[in-house]
Amino acid sequence: MKPIIRIENVTYQYPGADKPVLNDISLTIEKGDFVAILGGNGSGKSTMCKLFNGLIPHYYVGDYKGKAIVNGLHTSEYKVAELSKHVGYVYQDFENQIVSPKVLEDASFAPLHYGLKDYHERAMHALELVGLVEQKDNFVWQLSGGQKHLLALASILSLNPEIIIIDEPVAQLDPQHAKDIYDILKHLNEVHGKTIIVIEHHTEFVASYAKTVVLMNQGNVAFKKPVQKALNEVDALLQHQIYPPQVTQASAKCLDLDILPTTLEEAIPHFNNSIEFEPLEQSVKDKGDELVKYEDVSFSYKTITKEKKRVLHDIDLTIHKGDYIALVGNNGAGKSSLMRLMTGLVKQEKGNLLVDGHVTRDTPPEHLAELVTYIYQNPEQMFIDDCVEKDVGFYMRARKDLNVEEKVEKLLEQFDLTHLRERDSRLLSGGQQRRASLAIGVGMQPKIMLLDEPTANLDIATRKHITKLLDQLKDQLEAVVIATHDMQLACEFSNRILVMHDGRIIHDGTKETVFENYTLLEKAGLTSPQIYELSKQLGWERPVYTVDEFVNQYRRKEAYHGVYA
């Protein structure tokens, strides 16, 4: 098939960088392909994709050598505006692409400014493709995060480009919206013949939707292979800190197969499910002292039209010492609002909220900051000073802590930041910024830490590192609440899961009570971990939540077979 993108011997170095981020790379992408680009943070994935629409070399003006040809056009010879007719790009920070106050206006923006007479028809068709026609007259702020992502996609579809690039399609989306956006991409690929390129860390989506995988490593193209062959390169992927789908990892450890399954449907027939052990008894811990108590709490904010929008309804909730809570639910469920009320930065409309005995309505936020630390989804919102060391110690110095230097040293060591102490926190990688924000939060010495999407936009290896750091916090804090779409994190970290939907807590339980309730999962837009689904489909009475648990239990079953065969 004819290549629609051809990259020839491209080397690129950002201004001021000490080494190239792309090293003499060459790559072809065929028309009509669905390509997933994998690689760890800093491997060059996003930089390479900026070649495709001319941002490099026209917007980013570093040292550039080589050639990029897209849909027959040499990108160095055409402006970005011209290339955008051929290549649509939805960026990782997609909300920055939304430029108009209303949905239809934003979808119309590009064709209108190109002077296309049918701009309205193009915009309506694009909204139809992504399922936003009913929201066409809404203000953008009325959309959920998932709907805004779809609007960013519609805004590029209005120009009907041949190539669509999406950087981290599911990073900030709940599992149901993540599936929705991939289903739309599949439709665009298979029905409309679009060439789709996604930069992705979630290999389970890659296995289900992509046709081709490109693996990037330190600015080089490590390989380009069909999706199943690529995901069967388990050792190579793990060496590059890429984790294959959970069923593929489990199959590699449990089975002797020439071709490993990459989807749940492929995996089920390969496993022996004829023996089941009795479920293990689980001890029930006594509840600790009350730390936070919501009593019939509701919260609203004023919209641009000065109307009130209710985002939390009649919340009753008690958080105890020793609670490690995962707050889950679809985009717009009210998770962030629930946490922010504990900080006192916003106040409830009605009801009472007590934090460690303090009535938040009557307590200044700076006093509540002694008890509660809120770690924002965007780590940059935590950075105040000009280097990591000063950021970590800022709050302690403001409180005139006598042991600030010693405490900062311990925090830098704990969060693997010692070698980054003099770096500007804003210029760190995503994973490094997460670690710095956690160090800042712990340095505030609170009783309760609140984290908003702590693993968003991170590759799987970095997510696992952050999860280990979060586990360490259990010994330093009395309670932790994490708002997350990462179901694996919810399973591995929490001893309690709160499910939210439309501003209400619709379930308060454990991972067992959540993931065994399919009606609940559907209502809240959640999906269970793939390895859980495999163990459930195999009929195990005690499903598992991690690959290691699955492997250990399966090997026990096989050993049982061997003894009693």
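The structure presented is a predicted model; accordingly, all values stated were derived computationally and were not measured.

### Side note on the overall build of the protein
1) Next: Looking only at helices and strands, the protein features 23 helices and 20 strands.
2) Next: Relative to a compact globule of 565 residues, whose C-alpha radius of gyration would be 24 Å, the protein shows 25 Å and is just as compact.
3) Next: Expressed along its principal axes, the backbone C-alpha trace of the protein runs to roughly 70 × 65 × 50 Å.
4) Next: The contacts of the protein with a sequence gap of at least 6 include a subset with a gap of at least 24, amounting to 66%.
5) Next: Positive and negative side-chain charges of the protein, numbering 62 and 80 respectively, have mean locations separated by a distance of 3 Å.

### A closer look at the sheet that holds strand β17 (residues 448-452)
1) Next: Strands sit in the order β16-β17-β18-β13-β19-β20 across an open sheet of 6 strands; the sheet is mixed. Edge positions in the open sheet fall to β16 (372-375) and β20 (504-509), since each of these has one partner strand only. Adjacent strand axes in the sheet meet at a mean angle of 20°, parallel and antiparallel pairs treated alike.
2) Next: Examined bridge by bridge, β17 and strand β18 (residues 479-483) share 5 bridges and lie parallel to one another. Within the sheet, the bridge partner assigned to L450 lies in β18 and is V481.
3) Next: Contacting β16 and β17, helix α17 (residues 430-443) crosses the sheet at an angle of about 155° to β17.

### Examining the side chain of N189
1) Next: Position of N189 relative to the elements: it lies in helix α7 (residues 175-190).
2) Next: The buried category is assigned to N189, whose relative accessible area is 5%.
3) Next: The contacts of N189, once residues within four sequence positions are left out, are G32, D33, F34, K194, I196 and K211.

### Section: the side chain of E533
1) Next: Topologically, E533 is positioned in helix α22 (residues 530-537).
2) Next: Lacking a salt bridge, the buried E533 has K536 as its closest oppositely charged neighbour, with an N-O distance of 8.0 Å.
3) Next: Separated by 2.6 Å, the side chains of E533 and S528 make a polar contact.
4) Next: Setting aside anything within four residues of it in sequence, one finds E533 in contact with L264, Y518 and S528.

### Considerations on the UniProt feature "domain: ABC transporter" (unreviewed entry) in the protein
1) Next: Within this structure's numbering, the places UniProt gives as "domain: ABC transporter" (unreviewed entry) are residues 5-243 and 292-527.
2) Next: The span residues 5-243 shows a helical share of 36% and a strand share of 25%, and its end C-alpha atoms are spaced 27 Å apart.
3) Next: In residues 292-527, the share of helix is 35% and the share of strand is 27%. The end C-alpha atoms are 29 Å apart.

### Details of the pattern of salt bridges
Pairing is possible between side chains that carry opposite charge, provided their charged atoms lie close to one another.
1) Next: As enumerated under the stated definition, the model contains 29 salt bridges in all.
2) Next: E290 is the partner of K293 in a salt bridge, and the nearest nitrogen-oxygen pair spans 3.9 Å.
3) Next: Under the relative-accessibility criterion, K293 is labelled partly exposed at 27%.
4) Next: Between D356 and K447 there is a salt bridge whose closest N-O contact spans 2.9 Å. Here K447 lies in the loop between α17 and β17 and D356 lies in the loop between β14 (350-355) and β15 (358-359), a separation of 91 residues in the sequence.
5) Next: Judged by its relative accessible area of 28%, K447 falls in the partly exposed class.
6) Next: Shared partners join several salt bridges into a network, and the residues in it are R6, E8 and K67.

### Observations regarding the packing of aromatic side chains
1) Next: The full count for this structure, using the stated rule, is 18 aromatic pairs.
2) Next: Ring centres of F550 and Y554 lie 6.1 Å apart, and the angle between their planes is 5°; this geometry places the pair in the stacked category. Of the two residues, F550 and Y554 both sit in helix α23 (residues 547-564), 4 residues apart, roughly one turn of that helix.
3) Next: The class for Y554 is buried, based on a relative accessible area of 3%.
4) Next: Taken together, the ring pairs connect Y12, Y14, Y59 and Y60 into an aromatic cluster.
5) Next: Lying over the aromatic face of F139, K102 brings its terminal NZ or CZ to 5.0 Å of the ring centre.
6) Next: Just above the ring of F493 sits the side chain of K474; from NZ or CZ to the centre is 4.7 Å.

### What to know about the nonpolar core
1) Next: Grouped together as the largest cluster of nonpolar side chains are 49 residues, with contacts concentrated most on L151, L153, Y182 and L185.
2) Next: Per element, the largest residue contribution to this core is 7 residues, and it comes from helix α6 (residues 145-157).
3) Next: Those residues within four positions of Y182 in sequence are excluded, and the remaining contacts are F34, P169, V170, V198, E200, F205 and Y209.
4) Next: I375, F383, I466 and V480 belong to the second largest nonpolar core, which has 32 residues in total.

Criteria and thresholds
- Residues numbered from 1 in each chain as written.
- Predicted model: local features only at pLDDT ≥ 70, side-chain atom pairs only at ≥ 80, totals over all residues.
- Heavy atoms only, no water.
- Helix = DSSP H or I, 4+ residues; strand = E, 2+ residues; numbered from the N terminus.
- Rg over C-alpha atoms; globule rule 2.2 N^0.38 Å.
- Contact = heavy atoms within 4.5 Å.
- Lys, Arg positive; Asp, Glu negative; His and termini not counted.
- Charge placed at Lys NZ, Arg CZ, Asp CG, Glu CD.
- Pairing = 2+ DSSP bridges.
- Axes fitted to C-alpha atoms, helices over the stretch in contact; angles between N-to-C directions.
- Buried < 20%, exposed > 50% of the residue type's maximum accessible area, 1.4 Å probe, protein only.
- Salt bridge = Lys/Arg side-chain N within 4 Å of Asp/Glu carboxyl O.
- Polar contact = N/O pair within 3.5 Å; in protein donor to acceptor, adjacent residues only side chain to side chain.
- UniProt positions renumbered as here; feature names shortened; annotations may be inferred.
- Phe/Tyr/Trp six-rings, centres within 6.5 Å; stacked < 30°, edge-to-face > 60°.
- Lys NZ or Arg CZ within 6 Å of the ring centre and 35° of its normal.
- Core = buried A, V, L, I, M, F, W, Y, C linked by side-chain atoms within 4.5 Å.

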